[in-house]
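Analysis of the macromolecular model
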Amino acid sequence: MAEKSIEQRVKEIIAENLEVNADQVVGEAKLIEDLGADSLDAVELIMNLEEEFDLEIPDDAAEGLVKVSDVIAYIEDRKGK
Amino acid sequence: MGSNWSDRRVVVTGLGCVSSLGNDASTLWGNVLAGQCGIDAVKRFDIANYDCRIAAEVRDFDPAPAFPSGKEVRRTDRFTHFGVYAGWKALEDSGLDLSREDLDQVGVYIGSGIGGLETTEEQHKVLLSRGPGRVSPFMIPMLILNMASGLFALYHKLRGPNFATCSACATGTHALGEAWATIKRGDAAVMFAGGTEATIVPLGMSGFAAMKAMSTRNDEPKKASRPFDRDRDGFVMGEGAAVLVLEELSHAQARGARIYCELAGYGNTCDANHMTSPDPEGAGAARAIQMALRHAGLPTEAVDYINAHATSTPAGDMCEVQAIRRVFGEHALRLAVSSTKGATGHMLGAAGGIETVICCKAIEAQVAPPTINLDHVDPACPLNCVPNVPQERRIDVFVKNSFGFGGHNAVLVGRKFNG
């Protein structure tokens, strides 16, 4: 079985964390406005991403992650794609 | 609505519960009358090394219908699942249409003795094994014991008085009493009140066992909780919740509500005697009963049935017998006094709630529910403890006793509603 891409893994984590359907988790979707995340959800999501990808996401970086595509780009950048 | 404290009357118009013997009041009542027992070997976790390996667990329970989303279920502790569900069942039972209510006049007091012990346990494991940066942002809102009250209000937009009582095993009764007082003083027309508890977890079972408070009759779970019996050896933990709808009388009558009974009085005192042991003379409990009867304007002779706190501990049950004899004198021997903890286990902060639900059904059916496993009544107890089978009898007035670690005594008086 082919390994999942970072994009797939990020989208799965977001869908699971925010309990939304996978088809809602598109690149342009905003975590708070479109996917219903509140401040605690956002903290938990960052923690789960750190866990999954074995990295530390500083608070100022986390604040810039507004859309699903922002999260994917950030993780890809940190993990060297 | 009457303009002062004494004019306003409070009635019970809805019952909801989650328990080992059913997740609605009618199922619970049927099982209590039939002498059923919800206690069994603990299945929720591996309990092989524990002194007490039995409890009255809630099984096959799905909180989802009472919650707005699966996400809300996931970010709340089991005690909140129970409390919110019991409130939702009470709402349904009351027939209240919240869309027609002034929600500033509807409040919630759902107490808990301990709160989210399971969450505390799990997150402490995370802290130790993975460090402080991995502790969940939901830990605090999940474990704080007022969250069942807060979230039930949030889900139904109830903006009236709201907090959570916390007085160990007297919690549920204090919540109901404080809700009664809130309606009496005119601060709400409707109150959802009761208690919830979910402590059948490793810390809960080991902590109470360390106090030597729990039965070790592990081989006979259905026989282990035996209030007033000479062979009792401790309480058996239960879990669940009960929430009742209390309503100002004219408000209930205006909407044609079914009235289970009138909540007529509330007493609240402290033993100030010992951290966990009850006063052997039962003086604090006696004063609480007297206070509740004074508020109800009833003489001791008016009482027909007492639902006792009696948890099946060697010391506690006889202290309560002393308190009852102290208050009621000769009339004590004419009363029916039962403890339903043989059936439900001791639901701690939820106990006063579930037992007040049972009292409401008892006054409706005019039947005193039995104390099960009462094979040989303690020779120090001369009371009619309704051994093993229900007793049909006139019940115009009931008394509900609850006592908690800390020396807390809470007592409710209910009476048949006759207009």
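Predicted model, so just to flag it, every value in this text is computed and none were measured.

1. So, the sheet that holds strand E10 (residues 336–338) of chain B
All names here are of chain B. An order of E5-E4-E6-E7-E1-E8-E14-E13-E9-E10 is seen for the 10 strands of this open sheet, with the pairing classed as mixed. Each having just a single partner strand, strand E5 (162–163) and E10 make up the two edges of the open sheet. As judged from the 8 bridges shared by strand E8 (residues 261–270) and strand E14 (residues 408–415), these two strands associate in the antiparallel manner. Of the residues in E14, the one forming a bridge with Glu 262 is Arg 415. Sheet strands in contact with helix H11 (residues 314–328) are strand E9 (305–307), E10 and strand E13 (397–404), and its direction is about 140° off that of E13.

2. Quick notes on unusual backbone geometry
All names here are of chain B. Backbone geometry places Phe 228, a non-glycine residue, at a positive phi of 70°. In this structure, Phe 228 sits in the loop between helix H8 (202–210) and strand E7 (240–248). Residue classification places Phe 228 among the buried positions, given a relative accessible area of 0%.

3. As for the state of the cysteines
Simply put, the disulfide is a covalent bond whose two ends are the sulfur atoms of two cysteines. All names here are of chain B. One pass over the full model with this rule turns up 0 disulfides over all chains. Looking at the unpaired Cys 270, the closest cysteine sulfur is the one in Cys 166, lying at 14 Å. Cys 381 provides the cysteine sulfur closest to Cys 319, a residue in no disulfide bond, and the two sulfurs are 12 Å apart.

4. A short note on the pattern of salt bridges
Overall, the coordinates contain 33 salt bridges over all chains when judged by the stated rule. Across the pair Arg 75 of chain B and Asp 41 of chain A runs a salt bridge, and its minimum N-O distance is 2.7 Å. Of this pair, Arg 75 of chain B sits in the loop between helix H2 (70–74) and helix H3 (78–94) while Asp 41 of chain A sits in helix H2 (residues 39–53), each in a different chain. No difference in accessibility class separates Arg 75 of chain B from Asp 41 of chain A, as the two residues are buried. Through salt bridges with shared partners, a single network forms among Asp 38 and Asp 41 of chain A together with Lys 71, Glu 72 and Arg 75 of chain B.

5. Notes on helix H13 (residues 351–365) of chain B
Residue and element names in this part refer to chain B. Helix length check: H13, at 15 residues, gives a terminal C-alpha distance of 21 Å against a target of 21 Å (1.5 Å per residue), a fit within 8%. The buried fraction of H13 amounts to 13 of the 15 residues, a majority that puts the element mostly inside the structure. Positive phi shows up at Gln 366, right after H13, with a value of about 60°.

6. Focus: the domain arrangement of chain B
Residues and elements named next belong to chain B. Split by domain assignment, chain B resolves into domain 1 (10–254) and domain 2 (264–415). The distance between the C-alpha centroids of domain 1 and domain 2 comes to 21 Å. Every contact between the two is made by 62 residues of domain 1 and, on the other side, 65 residues of domain 2. If you sort the residues of domain 1 by the area they bury against domain 2, Trp 29, Cys 169 and Phe 228 come out on top, with a joint share of 19%. Linking domain 1 with domain 2 are 3 salt bridges. The residue Arg 232 makes a salt bridge to Asp 378 at a minimum N-O spacing of 2.9 Å. Examining the composition of the side of domain 1 that touches domain 2, we find that 8 residues originate from one element, helix H7 (residues 171–184), more than from any other.

7. What to know about the environment of Val 397 of chain B
All names here are of chain B. By the element assignment, Val 397 lies in strand E13. Using a relative accessible area of 3% as the deciding quantity, one classes Val 397 as buried. Considered as a pair, Val 397 and Leu 103 are 294 residues apart in the sequence and their alpha carbons are 31 Å apart. Once residues lying within four places of it in the same chain are set aside, the contact partners of Val 397 are Leu 298, Ala 302, Val 303, Asp 304, Tyr 305, Ile 363, Val 413, Gly 414 and Arg 415.

8. Focus: the packing of H3 of chain B against helix H6 (residues 147–156) of chain B
All names here are of chain B. Where H3 meets H6, the closest approach of the two axes is 9 Å, and the angle between their N-to-C directions is 45°. In terms of their interaxial angle, H3 and H6 are classed as oblique. Helix-helix and strand crossings are classified by hand; for H3 and H6 the assignment is right-handed. Contact residues: H3 offers Phe 79, Thr 80, Gly 83, Val 84, Gly 87, Trp 88 and Leu 91, while H6 offers Met 147, Ala 148, Leu 151, Phe 152, Tyr 155 and His 156.

9. Some thoughts on the pairing of E8 of chain B
Residue and element names in this part refer to chain B. For E8, a buried count of 8 out of 10 residues is recorded, marking the element as mostly surrounded by other parts of the structure. Bridging between strand E1 (residues 10–18) and E8 involves 3 bridges; their strand directions are antiparallel. Paired with Val 12 across the bridge in E8 is Cys 261.

10. Digging into the nonpolar core
Residues and elements named next belong to chain B. One finds Met 205 and Leu 246 to be the most contacted residues of the largest nonpolar core, which totals 66 residues. With 7 residues, the single largest contributor to this core is H13. Formed by 33 residues, the second largest nonpolar core is a distinct cluster that contains Tyr 85, Leu 98, Phe 152 and Leu 158.

11. Some points on the interface of chain A and chain B
Tallying the contact residues gives 14 residues for chain A and 12 residues for chain B. Across the chain A to chain B interface the summed buried area is about 1100 Å²; carbon plus sulfur atoms make up 41%. Area buried by chain A at its contact with chain B is led by Glu 19, Leu 40 and Met 47 of chain A, which between them contribute 45% of it. On inspection of chain A and its partner chain B, the count reaches 8 salt bridges. Across the pair Arg 75 of chain B and Asp 38 of chain A runs a salt bridge whose closest N-O atoms are separated by 3.0 Å. Contributions of two or more residues to the side of chain A that touches chain B are made by helix H1 (6–18) and H2 of chain A. Examining the composition of the side of chain A that touches chain B, we find that 7 residues originate from one element, H2 of chain A, more than from any other. Looking at the side of chain A that touches chain B, its residues break down into 5 nonpolar, 2 polar and 7 charged.

What counts, and where the lines are drawn
- Residues numbered from 1 in each chain as written.
- Chains lettered and ligands numbered in written order.
- Predicted model: local features only at pLDDT ≥ 70, side-chain atom pairs only at ≥ 80, totals over all residues.
- Heavy atoms only, no water.
- Pairing = 2+ DSSP bridges.
- Helix = DSSP H or I, 4+ residues; strand = E, 2+ residues; numbered from the N terminus.
- Contact = heavy atoms within 4.5 Å.
- Axes fitted to C-alpha atoms, helices over the stretch in contact; angles between N-to-C directions.
- Buried < 20%, exposed > 50% of the residue type's maximum accessible area, 1.4 Å probe, protein only.
- Disulfide = S-S within 2.5 Å.
- Salt bridge = Lys/Arg side-chain N within 4 Å of Asp/Glu carboxyl O.
- Expected span 1.5 Å × (residues − 1).
- Domains from an automatic or database assignment.
- Buried area = accessible area lost by both parts, 1.4 Å probe.
- Parallel < 35°, antiparallel > 145°, perpendicular 65-115°, else oblique.
- Left-handed = near helix turned anticlockwise from the far one by under 90°.
- Core = buried A, V, L, I, M, F, W, Y, C linked by side-chain atoms within 4.5 Å.
- Nonpolar A, V, L, I, M, F, W, Y, C, P; charged D, E, K, R; others polar.

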